[in-house]
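Single-letter residue listing:
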Amino acid sequence: MKHIEDGRLRRFVTAVFAKAGSSPEEAGMIGKRLVDSNLMGHDSHGVVRVPSYIGWLGEGKIKPNMHVKVVAEAQGFAILDGQGGYGQVLGGEAMEIAIAKARAAGVAMIALRHAHHLGRIGDWAETCAAAGCASIHFVNVVHTGGLVAPWGGKERRMSTNPFCCGMPIEGREPIILDFATSKVAEGKVQVARNKGVDLPPGCVVDGEGRPSLNPNDLYGPPPGALAPFGDHKGYGLAFFCDLLAGALSGGGCNHDGHPNLGTVHNNMMSIVIDLQRVGDAGAIDAEARHFVDWMKACKPVDAEGAVMAPGEPERKTRADRLAKGIPLDDTTIAQMQAAARSVGVDEAAIADLVA
Ligand code: NAD
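Residues numbered from 1 in each chain as written. Predicted model: local features only at pLDDT ≥ 70, side-chain atom pairs only at ≥ 80, totals over all residues. Heavy atoms only, no water.

### Examining the site of the ligand
Neighbouring residues of the ligand: 23 residues in total, closest D178, A180, K188, G311 and E314. A molecule is said to occupy a pocket when more than half its atoms come within 2 Å of that pocket's grid points, and by this definition the ligand occupies the largest pocket. Those elements that place two or more of their residues in the shell around the ligand are β7 (175–179) and α10 (312–324). Looking at the shell around the ligand residue by residue, the classes come out as twelve nonpolar, seven polar and four charged. (Near = heavy atom within 4 Å. 1 Å grid on protein atoms, 1.4 Å probe; cavity = no way out; pocket = protein on both sides within 12 Å on 5 of 7 lines; lining within 4 Å. Sits in = over half its atoms within 2 Å of the grid points. Helix = DSSP H or I, 4+ residues; strand = E, 2+ residues; numbered from the N terminus. Nonpolar A, V, L, I, M, F, W, Y, C, P; charged D, E, K, R; others polar.)

Given below as structure tokens:
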């Protein structure tokens, strides 16, 4: 395990995508968003993705330098098509449109389809919060026919369908809830596989439907499935992520009629609320502040611990990793360097990753 300074990692990832055909702005945005995921502690959505993005790019399944195209719009909504481009760019463009519409109408709904992987969805709630907006994001993932078994079922049907919401509080860090509706994100299984460690119980079933701790059992052969979090309730939320993101955007829900794209596409339905435009902004802020303080003042079970608000664990990890560097295992480093070599990044820049 090595600890790599965030700036060095960003420079490496940006160099890879610039060589791979992205504009400097796009390459920089991919570098920023992936490294931010690592900083926030979500390694599953960080630089571990570089080799697969480069692989899909080589197969023509990601299109560089794409921007959102407006398919339909009115004052309070927009339907956007990402045209298979990098989610790191398209997500930001979609939020810009949503925030502008929320400023005008108070509330806006945007549905984005055909974005390649949108990464850590918390990025988009943080973007809204920085603009003074609360937001709710339902996301589905359409790729190779599903990963997650529905509650009560033993076949893959949906994907890890993330759900996220955020709320800004004046002068404080925003409250950000952001998770996969599977018990764990698929990337966490990838990370455990690279590290050669077991998964916590209840995350995957093997190809026969038996609970397993072995991350390799998800991939098979025969392939297993991820389990939804929270029994029937988590399954229900995952169900609505697919319905709202897939059907409203036009990018499609996970079902047998959906084309197998051979890559990850995200569809996202976001509701963005400008808190200055709906009711008494000062009273909303005071109530939110009071509620958060009340939660955090709760006596912790563990005398050494503390009750946290959603988003707090990520900010603690970020502060720690900014100071100590981002931990990366040798397998991930080797895979990233191989991906860089495959697009022609020069050897000095490749060696610089671990210099
Ligand atoms: P997770 O299980 O680590 O849960 C994270 C959420 O729980 C955060 O909001 C965090 O602040 C909160 N949390 C954790 N511990 C807490 C505590 N003790 N007190 C209060 N709040 C706490 O997340 P996950 O399901 O592994 O998802 C990881 C990332 O994967 C997310 O960023 C998600 O958006 C991303 N993801 C993306 C896709 C995609 O297709 N783009 C798919 C799945 C997941």
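### Structural notes on the sheet that holds strand β10 (residues 225–226)
Taken together, the three strands give an open sheet; going across it, the order is β9-β8-β10, and neighbouring strands pair in antiparallel fashion. Looking at which strands have only one partner, the edges of the open sheet turn out to be β9 (211–212) and β10. Here strand β8 (residues 204–205) runs beside β10; their pairing, made up of two bridges, is antiparallel. Pairing of V204 across the sheet is with L226, part of β10. (Pairing = 2+ DSSP bridges.)

### A short note on the packing of aromatic side chains
Enumeration over the complete set of coordinates arrives at seven aromatic pairs. Consider the rings of F163 and F179, whose centres lie 6.0 Å apart with planes at 45°: the pair is tilted. Taken as a pair, F163 in strand β6 (residues 163–167) and F179 in strand β7 lie far apart in primary sequence, 16 residues in all. Judged by relative accessible area, which is 25%, F179 ranks as partly exposed. With a centroid separation of 5.2 Å and an interplanar angle of 65°, the aromatic rings of F179 and F229 are classed as edge-to-face. (Phe/Tyr/Trp six-rings, centres within 6.5 Å; stacked < 30°, edge-to-face > 60°. Buried < 20%, exposed > 50% of the residue type's maximum accessible area, 1.4 Å probe, protein only.)

### Quick notes on the pattern of salt bridges
This structure, assessed with the given rule, holds 21 salt bridges. With its nearest N and O atoms 2.8 Å apart, the salt bridge here joins R120 to E126. Assessed through its relative accessible area of 6%, R120 is described here as buried. Here K296 ties to E312 by a salt bridge, and the two come within 2.8 Å at their closest N and O atoms. Placement of the pair is K296 in helix α9 (residues 281–296) and E312 in helix α10, with a sequence separation of 16 residues. (Salt bridge = Lys/Arg side-chain N within 4 Å of Asp/Glu carboxyl O.)

### Describing the packing of helix α2 (residues 24–39) against α10
In a pair of packed helices, the angle between the axes and the distance between the axes together describe the arrangement. Across the interface, α2 lies against α10 with an axial gap of 8 Å and an inter-helix angle of 105°. In terms of orientation, α2 lies roughly perpendicular with respect to α10. Residue-level contacts link D36, N38 and L39 of α2 to E314, T317, R318, R321 and L322 of α10. Across the contact of α2 with α10, the residue classes break down as two nonpolar, two polar and four charged. (Axes fitted to C-alpha atoms, helices over the stretch in contact; angles between N-to-C directions. Parallel < 35°, antiparallel > 145°, perpendicular 65-115°, else oblique. Contact = heavy atoms within 4.5 Å.)

### Focus on the sheet that holds β7
Strand order in the open sheet formed by seven strands is β2-β3-β4-β11-β5-β6-β7, and the pairing between neighbours is mixed. Unpaired on one side and paired on the other, β2 (69–74) and β7 mark the two borders of the sheet. Direction aside, neighbouring strands of the sheet carry axes that sit 10° apart on average. Two elements, strand β4 (residues 107–116) and strand β11 (residues 265–274), share eight bridges in a ladder whose sense is antiparallel. Paired with I110 across the bridge in β11 is S270. Those strands touched by helix α8 (residues 231–249) are β3 (77–81), β4, β5 (133–142), β6, β7 and β11, and its axis lies near 90° from that of β5.

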